[in-house]
Amino acid sequence: MEELALHVLDLIQNSLEAGARHLVLTVVEDRAQGVLTVQLLDDGRGMEAATQQRVFDPFFTSRTTRRVGLGLPLLRATAEATGGLAELASRPGEGTRVQVVVYTRHIDCPPLGDLALTVAVSVAANPQVEFCYTHTVDGRSMEFDTAELRSQLAEVPLSDPAVYQWMLAFLREELSKLYGGAKCNEIPSRS
Amino acid sequence: MKSLADLERVRLEAQERMRLRESGASSKLTVAMGTCGIAAGARDTLAALLDEIAKRRLAHVHVVQTGCVGLCEYEPLVEVTLAGQDKVTYTYVNAERARQIIARHVVNGQIIGEWVLARS
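Residues numbered from 1 in each chain as written. Chains lettered and ligands numbered in written order. Predicted model: local features only at pLDDT ≥ 70, side-chain atom pairs only at ≥ 80, totals over all residues.

Asker: An account of the overall build of chain A is needed here, citing residue identities and associated values.
Answerer: Summing up its helical and strand segments, chain A has six helices and six strands in all. A globule of 191 residues ought to have a C-alpha radius of gyration of about 16 Å, and chain A, at 17 Å, matches this closely. Seen through its principal axes, chain A has C-alpha atoms that stretch 55 × 45 × 30 Å. When each of the 191 residues of chain A is scored for burial, the buried share is 40%. Taking the contacts inside chain A whose residues are at least 6 apart along the sequence as the reference set, 64% of them involve residues at least 24 apart. (Helix = DSSP H or I, 4+ residues; strand = E, 2+ residues; numbered from the N terminus. Rg over C-alpha atoms; globule rule 2.2 N^0.38 Å. Buried ≥ 20, exposed ≤ 12 C-beta atoms within 10 Å, placed from the backbone. Contact = placed C-beta atoms within 7 Å.)

Asker: So what's going on with the environment of G84 of chain B? Which residues, and what values?
Answerer: Position of G84 of chain B relative to the elements: it lies in the loop between strand 3 (78-81) and strand 4 (88-90). Put simply, G84 of chain B and S27 of chain B are 57 residues apart on the chain and 8.8 Å apart in space, counted from C-alpha to C-alpha.

Asker: An account of the packing of helix 4 (residues 115-125) of chain A against helix 6 (residues 161-178) of chain A is requested, with residue identities and associated values reported.
Answerer: Residues and elements named next belong to chain A. Relative orientation of the contacting elements helix 4 and helix 6 amounts to 155°, with a least axis distance of 9 Å. Regarding the angle of helix 4 to helix 6, the classification is roughly antiparallel. Both helix 4 and helix 6 take part in a crossing whose hand is right-handed. Touching L115, A116, L117, V119, A120, V123 and A124 of helix 4 are Y164, M167, L168, L171, R172 and L175, all from helix 6. When the residues that make up the contact of helix 4 with helix 6 are grouped by side-chain class, the tally is 12 nonpolar, no polar and one charged. (Axes fitted to C-alpha atoms, helices over the stretch in contact; angles between N-to-C directions. Parallel < 35°, antiparallel > 145°, perpendicular 65-115°, else oblique. Left-handed = near helix turned anticlockwise from the far one by under 90°. Nonpolar A, V, L, I, M, F, W, Y, C, P; charged D, E, K, R; others polar.)

Asker: With reference to specific residues and values, describe the sheet that holds strand 1 (residues 22-30) of chain A.
Answerer: Residues and elements named next belong to chain A. Overall, mixed pairing links the six strands, which are arranged 3-4-2-1-5-6 in an open sheet. Looking at the sheet topology across the chains shown, the edges are occupied by strand 3 (85-91) and strand 6 (140-145). Direction aside, neighbouring strands of the sheet carry axes that sit 10° apart on average. Sheet topology note: the strand 5 (residues 130-137)/strand 6 ladder contains six bridges and is antiparallel. By the bridge assignment, T134 is partnered in strand 6 with E143. Strand contacts of helix 3 (residues 71-81): strand 3 and strand 4 (95-103), with the helix running at about 140° to strand 3, the strand carrying the most contacts. (Pairing = 2+ DSSP bridges.)

Asker: Can you break down helix 4 of chain A residue by residue, with the values?
Answerer: The buried fraction of helix 4 of chain A amounts to 11 of the 11 residues, a majority that puts the element mostly inside the structure. Buried within helix 4 of chain A are the following residues: L115, A116, L117, T118, V119, A120, V121, S122, V123, A124 and A125 of chain A.

Asker: Report on unusual backbone geometry, specifying residues and quantitative values.
Answerer: Look at the link from E75 of chain B to P76 of chain B: it is a cis peptide, with omega at -5°. With respect to the element layout, P76 of chain B can be found in the loop between strand 2 (61-66) and strand 3. Of note in this structure, A154 of chain A is not a glycine but carries a positive phi near 50°. Position of A154 of chain A among the secondary structure elements: in the loop between helix 5 (146-153) and helix 6.

Asker: I'd like a rundown of the environment of Y133 of chain A, residues and numbers included.
Answerer: For Y133 of chain A, the position within the fold is in strand 5. A count of 24 C-beta atoms within 10 Å places Y133 of chain A in the buried class.

Asker: Quick rundown of the packing of helix 4 of chain A against helix 3 (residues 42-56) of chain B? Include the residues and the values.
Answerer: For the pair helix 4 of chain A and helix 3 of chain B, interaxial distance at closest approach is 10 Å and the crossing angle is 60°. Comparing the axis directions of helix 4 of chain A and helix 3 of chain B gives the class oblique. Remark: the crossing between helix 4 of chain A and helix 3 of chain B carries left-handed chirality. From helix 4 of chain A, L117, T118, V121, A124 and A125 of chain A reach across to helix 3 of chain B, where they touch R43, L46, A47 and L50 of chain B.

Asker: So what about the pairing of strand 3 of chain A? Which residues, and what values?
Answerer: Residue and element names in this part refer to chain A. Only one face of strand 3 is covered, namely the one carrying A86, L88 and S90; the face carrying L85, E87, A89 and R91 has none of its residues buried. Two elements, strand 3 and strand 4, share seven bridges in a ladder whose sense is antiparallel. Paired with S90 across the bridge in strand 4 is T96.

Asker: How would you summarise helix 3 of chain B if you had to cite specific residues and measurements?
Answerer: All names here are of chain B. Its 15 residues place the ends of helix 3 21 Å apart at the C-alpha level, agreeing with the 21 Å of an ideal helix rising 1.5 Å per residue. Inspection of helix 3 places A42, R43, T45, L46, A47, A48, L49, L50, E52 and I53 among the buried residues, and these make up the whole buried set. Once helix 3 ends, the next one or two residues include R57, with phi positive near 55°. (Expected span 1.5 Å × (residues − 1).)

If you want it as structure tokens, here you go:
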């Protein structure tokens with residue numbers, strides 16, 4: 001995966017596959033310390049302790065279409081390559097929490113990537129799921145909550161293409177503000 | 001168009017489209033978003049489909065995601081199910097192919113044979 005945001009998309013797909021109706025994504029970055037943490041909480045079906053012990057094994061999967069499951073092993077490899085970690089905790093019938101820590105100054109740390117796109121496409125393709133996403137950079141936060149959008153949109157679904165465009169623009173702008181207004185394709189001018 | 005006031009405008013326009021749209025017949029696009037699909041670029045595929053649908057105001061087309069379907073070597077995969085028609089599976093659907101599939105297949109009803117994996 002070229003971006004941390006693609007790993008997040010992969011985690012979201014895992015949660016959806018587990019039947020989650022609520023997802024809570026929390027991203028916290030401390031740029032002075034060079035630490036980024038990502039946590040995804042779901043209310044999917046969860047898993048037994050025996051299964052939990054095997055999810056980071058690439059030759060374990062619950063799916064029947066093929067015999068490998070690379071999502072979590074790749075995520076752990078990415079995190080550990082930076083000196084960080086990836087952990088999973090789960091209770092059957094209650095849900096699952098995945099927590100990732102990466103050290104952003106490590107040369108092997110991939111870029112955060114387009115998290116706005118990850119969240120916007122996930123909401124648009126799964127309008128029945130409640131999604132709460134908070135992102136904190138150096139103590140400043142933004143929050144995106146589909147429950148709020150849903151009440152404002154009334155009978156218009158979150159899957160409406162114009163709503164998707166709005167969500168993507170909103171998230172990109174909010175994230176850009178958190179990161180000091182810089183766009184990823186701009187070189188900051190010297191002043 | 002990023003403020004909540006803008007969202008209210010989006011809502012009113014969407015409401016209007018929903019009123020105008022003829023009954024029932026909807027089409028479905030399914031994007032495979034397993035680890036294999038994501039690694040092959042399925043997020044950009046999904047984004048291109050949503051963007052093209054928004055631009056063309058195709059209120060009757062729904063985009064959903066699914067997991068790995070076991071055809072990892074053909075990712076990104078998109079299944080097109082038009083109302084009353086058989087499912088068509090497209091292979092190697094990058095953003096450019098995604099836009100073409102909307103224009104040629106979904107809008108004009110022409111299946112793009114050379115990208116099709118199977119019809120079932």
